[in-house]
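# Inside the fold
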Amino acid sequence: MPPHDHAYKNLFAHPKMVEDLLKGFVRFDWVNDLDFSTLEKVNGSYISDDLRERADDVIWRVQFQDEWLYVYLLLEFQSTVDPFMAVRILTYVGLLYQDLIKANHLSEQRKLPPVLPIVLYNGERPWQASETISELLQPMPEKLRDYQPQQRYLLIDEGRYSAAELEKLENLTAALIRAEIAESQEALSRVLANLIIWLPQPEQNDLRRAFKEWFGRVLLPRRLPGTEIEAVHDLTEMQAMLAERVKTWTKPWWEEGFEKGIEKGIEKGIEQGEAAVLAKLLNKRFGPLPEWAQEKLQQASREQLDNWAEQIFDAASLEQFFA
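Residues numbered from 1 in each chain as written. Predicted model: local features only at pLDDT ≥ 70, side-chain atom pairs only at ≥ 80, totals over all residues. Heavy atoms only, no water.

Check the secondary structure of the protein and you find 16 helices and 5 strands. The buried share of the protein, taken over its 323 residues, is 45%. Approximately 17,600 Å² of the protein is accessible, and the part contributed by carbon and sulfur atoms is 48%. (Helix = DSSP H or I, 4+ residues; strand = E, 2+ residues; numbered from the N terminus. Buried < 20%, exposed > 50% of the residue type's maximum accessible area, 1.4 Å probe, protein only. Areas by Shrake-Rupley, 256 points an atom, 1.4 Å probe, with all protein chains shown as cover.)

Turning our eyes to something else, we now look at the packing of helix H7 (residues 172-181) against helix H8 (residues 185-198). Packed helix pairs are characterised by how far apart their axes lie and by the angle those axes make with each other. H8 packs onto H7 with a crossing angle of 160° between their chain directions and a minimal axis gap of 9 Å. One way to sum up the angle between H7 and H8 is to call them roughly antiparallel. Considering only the axes of H7 and H8, their crossing is left-handed. When H7 is examined against H8, the residues Leu172, Ala175, Arg178 and Ala179 are found in contact with a partner set consisting of Leu188, Arg190, Val191, Asn194, Leu195 and Trp198. By residue class, the composition of the contact of H7 with H8 is 7 nonpolar, 1 polar and 2 charged. (Axes fitted to C-alpha atoms, helices over the stretch in contact; angles between N-to-C directions. Parallel < 35°, antiparallel > 145°, perpendicular 65-115°, else oblique. Left-handed = near helix turned anticlockwise from the far one by under 90°. Contact = heavy atoms within 4.5 Å. Nonpolar A, V, L, I, M, F, W, Y, C, P; charged D, E, K, R; others polar.)

Scanning the entire structure with this criterion turns up 11 aromatic pairs. Relative to Phe64, the ring of Trp30 has its centre 5.9 Å away and its plane inclined at 65°; by these criteria the two rings are edge-to-face. Linking Trp30 in the loop between helix H2 (15-25) and strand S1 (34-41) with Phe64 in strand S2 (residues 57-64), this pair joins segments that are 34 residues apart in sequence. Members of the aromatic cluster, connected to one another through ring pairs, are Tyr8, Phe12, Trp214 and Phe215. (Phe/Tyr/Trp six-rings, centres within 6.5 Å; stacked < 30°, edge-to-face > 60°.)

Here 5 strands make up an open sheet; going across it, the order is S1-S2-S3-S4-S5 and the pairing mixed. Taken across any chain shown, the strands that pair with only one partner, and hence form the sheet edges, are S1 and strand S5 (154-157). With direction set aside, neighbouring strand axes in the sheet form an average angle of 25°. The sheet contact formed by strand S4 (residues 115-121) and S5 spans 4 bridges and is parallel. Counterpart to Tyr121 in the pairing with S5 is Asp157. Each of S1, S2, strand S3 (67-76), S4 and S5 is contacted by H2, which is oriented at about 135° to S1, the strand it contacts most. (Pairing = 2+ DSSP bridges.)

Laid out in structure tokens, this is it:
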């Protein structure tokens, strides 16, 4: 398993992380009816080989109105979005149900428990895949549609949240996302300070250690390329090391290269052509460029390219950008 995925799985192996994920990001009234004191990881002894091979996924259950609710957490950190994620979720939920039937983990009325599938995503592109399987089916007669499978998953796309929105939450999962999108060393230090305050108890040692490992092995090496990351023993030492040693800070993935490309546009223009640089930045922001947009870039003057570059952060769409 890649270290990034493994570090995330370690974090969500702790019930407090799952509790904060549900409280902070599953915004339905019925979440208030969950008994979080009953949160427990699903015993792998009765999970099939098919599900055990899903090493990036975490399965929990929690009491809901005197019955169990299963939470299937799929950690998705691919560079490309899977357009058929709803089909994968349908398969995984079906496998889970098969295992629960075999293990006789059913209600007193011999009914299957509800399952909440959550996809936690922090990939480089905004998530654009259908979140329900019905949107993936071709048109068909209404009476035939009645016989098609129904499956929806809850998407948590980290890139859709702002730092200001997340800072309002005293929430460990929100702190994790804040660290992912931190735009400065100071912003990351605030996250560390929150974690130190929120995780003071001896019984939280394992969770503090999981955060420390994630910061040291995953986040900081990615955000501080070329900077030596010292080994530290706890989050307090991590915060002190960051304050003393960090001299540079890269932007989060959805901004990385935008400002640098603008500031160094002339230098890159010498090597690659300013139009090509701007096309790359637009591609990272809005996705693959249609032919009409590529033509506008190729036909634009140097002055027009400079003017466009200055407003790349303000435009909400390609049409608005070129307008």
